[in-house]
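Analysis of the macromolecular model
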Amino acid sequence: GGVLAAARRPWPQFRRRIIVLGLRYKEFPLITFPHIMVHAALGLLFAAILGAVYGAAALGQYYLMRKLVFGVLALFSLAFYQHAVAEAARVHRAKLFGVALQALVLMGGVAVVSVGVILLFGQELFVLAVGDKWAEAGLMAAASAPLILLEPVTSAFAFLPIFLGLQRIAFAVAVVQGSVGIAAIGIAGLLGWDVMNAILASSLAMSTVMLSYVLWLLVRAHR
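How each quantity is defined
Residues numbered from 1 in each chain as written. Predicted model: local features only at pLDDT ≥ 70, side-chain atom pairs only at ≥ 80, totals over all residues. Heavy atoms only, no water. Helix = DSSP H or I, 4+ residues; strand = E, 2+ residues; numbered from the N terminus. Expected span 1.5 Å × (residues − 1). Polar contact = N/O pair within 3.5 Å; in protein donor to acceptor, adjacent residues only side chain to side chain. Salt bridge = Lys/Arg side-chain N within 4 Å of Asp/Glu carboxyl O. Phe/Tyr/Trp six-rings, centres within 6.5 Å; stacked < 30°, edge-to-face > 60°. Buried < 20%, exposed > 50% of the residue type's maximum accessible area, 1.4 Å probe, protein only. pLDDT = per-residue confidence, 0-100. Contact = heavy atoms within 4.5 Å. Axes fitted to C-alpha atoms, helices over the stretch in contact; angles between N-to-C directions. Left-handed = near helix turned anticlockwise from the far one by under 90°. Bend = angle between axes of the 7 residues up to and from the residue. Core = buried A, V, L, I, M, F, W, Y, C linked by side-chain atoms within 4.5 Å. Patch = residues over 30% accessible without salt bridge, like charges linked within 9 Å, V, L, I, M, F, W, Y side chains within 5 Å. Areas by Shrake-Rupley, 256 points an atom, 1.4 Å probe, with all protein chains shown as cover.

Another point: helix H9 (residues 195-222). With 28 residues, H9 extends 40 Å from end C-alpha to end C-alpha; this agrees with the ideal 40 Å at 1.5 Å per step. Two or three places before Met196, at the opening of H9, Asp194 has a side-chain oxygen 3.2 Å from that residue's backbone nitrogen.

This part is about the pattern of salt bridges. Tallied over the full model, the rule gives 2 salt bridges. Across the pair Glu151 and Arg66 runs a salt bridge, and its minimum N-O distance is 3.1 Å. One end of the pair, Glu151, is in helix H6 (residues 145-156); the other, Arg66, is in helix H3 (residues 27-90), with 85 residues separating them in the sequence. Of the charged contacts in the structure, one is a salt bridge between Arg90 and Glu87, with a shortest N-O distance of 3.0 Å. You can see Arg90 and its partner Glu87 sitting in helix H3, 3 residues apart, about one turn around the helix.

This part covers the packing of aromatic side chains. By the definition in use, this model includes 4 aromatic pairs. Arranged with centres 5.6 Å apart and planes meeting at 40°, the rings of Phe46 and Tyr62 form a pair that is tilted. With respect to burial, Phe46 and Tyr62 carry one shared label: buried. A centroid spacing of 6.4 Å and a plane angle of 65° characterise the contact between Phe159 and Phe163, whose relative ring orientation is edge-to-face.

Glancing now at the confidence of the model for the chain. Residues with a pLDDT of 70 or more make up 84% of the chain, whose mean pLDDT is 84. Contacts of residues 3-7 to residues separated by more than four positions or lying in other chains number 0 contacts, the stretch itself having pLDDT below 50.

What follows deals with the packing of helix H5 (residues 135-143) against H9. Closest axis-to-axis distance for the H5/H9 pair is 8 Å, and the angle between their directions is 35°. Regarding H5 and H9, the two cross each other, and that crossing is right-handed. Contacts between H5 and H9 involve Glu136, Leu139, Met140 and Ala143 on the former and, on the latter, Val195, Met196, Ile199, Leu200 and Ser203.

Glancing now at the environment of Leu45. With respect to the helices and strands, Leu45 occurs in helix H3. Separated by 133 residues in sequence, Leu45 and Gly178 have C-alpha atoms that sit 9.3 Å apart.

So, on to helix H4 (residues 96-130). End to end, H4 covers just 42 Å across 35 residues, shorter than the expected 51 Å (1.5 Å per residue, more than 12% under). Within H4, the axis deviates most sharply at Phe121, by approximately 80°. Of the positions making up H4, those classed as buried are Leu96, Val99, Ala100, Ala103, Met107, Gly108, Val110, Ala111, Val115, Ile118, Gly122 and Phe126. Count one or two residues on from H4 and you reach Gly131, which has phi positive near 110°.

Judged by nonpolar contacts, the single largest core of 53 residues is most densely connected at Met65, Val69, Phe157, Phe159 and Leu160. Those elements that provide at least two residues to this core are H3, H4, H5, H6, helix H7 (159-164), helix H8 (167-191) and H9. Here the element with the most residues in this core is H3; it accounts for 13 residues. When sequence neighbours within four positions are dropped, the list of residues in contact with Met65 reads Phe70, Phe126, Ala137, Met140, Ala141 and Ser144.

To continue, consider a nonpolar patch on the surface. A cluster of nonpolar side chains, Val113, Val117, Leu120, Phe121, Leu125 and Leu128, forms an exposed patch at the surface whose accessible area comes to about 610 Å². Considering the arrangement of structural elements, one finds Leu128 in helix H4. On the accessibility criterion, Leu128 (72% relative accessible area) is exposed.

Next up, the structure:
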């Protein structure tokens, strides 16, 4: 009897811990996980509309460009994000603005140099890296310059909503950002624009949302 009682004793404590963890970290199942799923769904919808309007060839060119350009930049944004998380975790909340400025300068510098290189040599770099048939991807990279500049910065700033308790706002902004990009592609197709102008319009629409969001986060961190 004593052995069975001892075996049963941990379960009430375990249940209490589960309840406490669920209340303390409810943002993950309620906000963070849906955020991830919605972001992925919007990306798939963007691909479906781009392919439906401009064809499979344009979709292939665009997503090769995404993998090469944004894939490389994601390494930098992830590194700066992790550095910012470590810095933010050890400083007082009043100093989050300084951590954010540091992330902005570091990631912004990389993004500005990347945009400059792509605008000057994008098509030639793609031809050199993956061959002549992918030259259009280099032009798409140039059309995506606003997004190349702001998407990595926004990713590096992902630590701020966590430390400021603004995960719900981050979720809403991600939905708006993805939606305006999709809407821009669809409207460009209806207006008969070519794929380059459609990608430029979509990039400008999404980057406008990102720029507003980054500036707002800086203001909140400064307060």
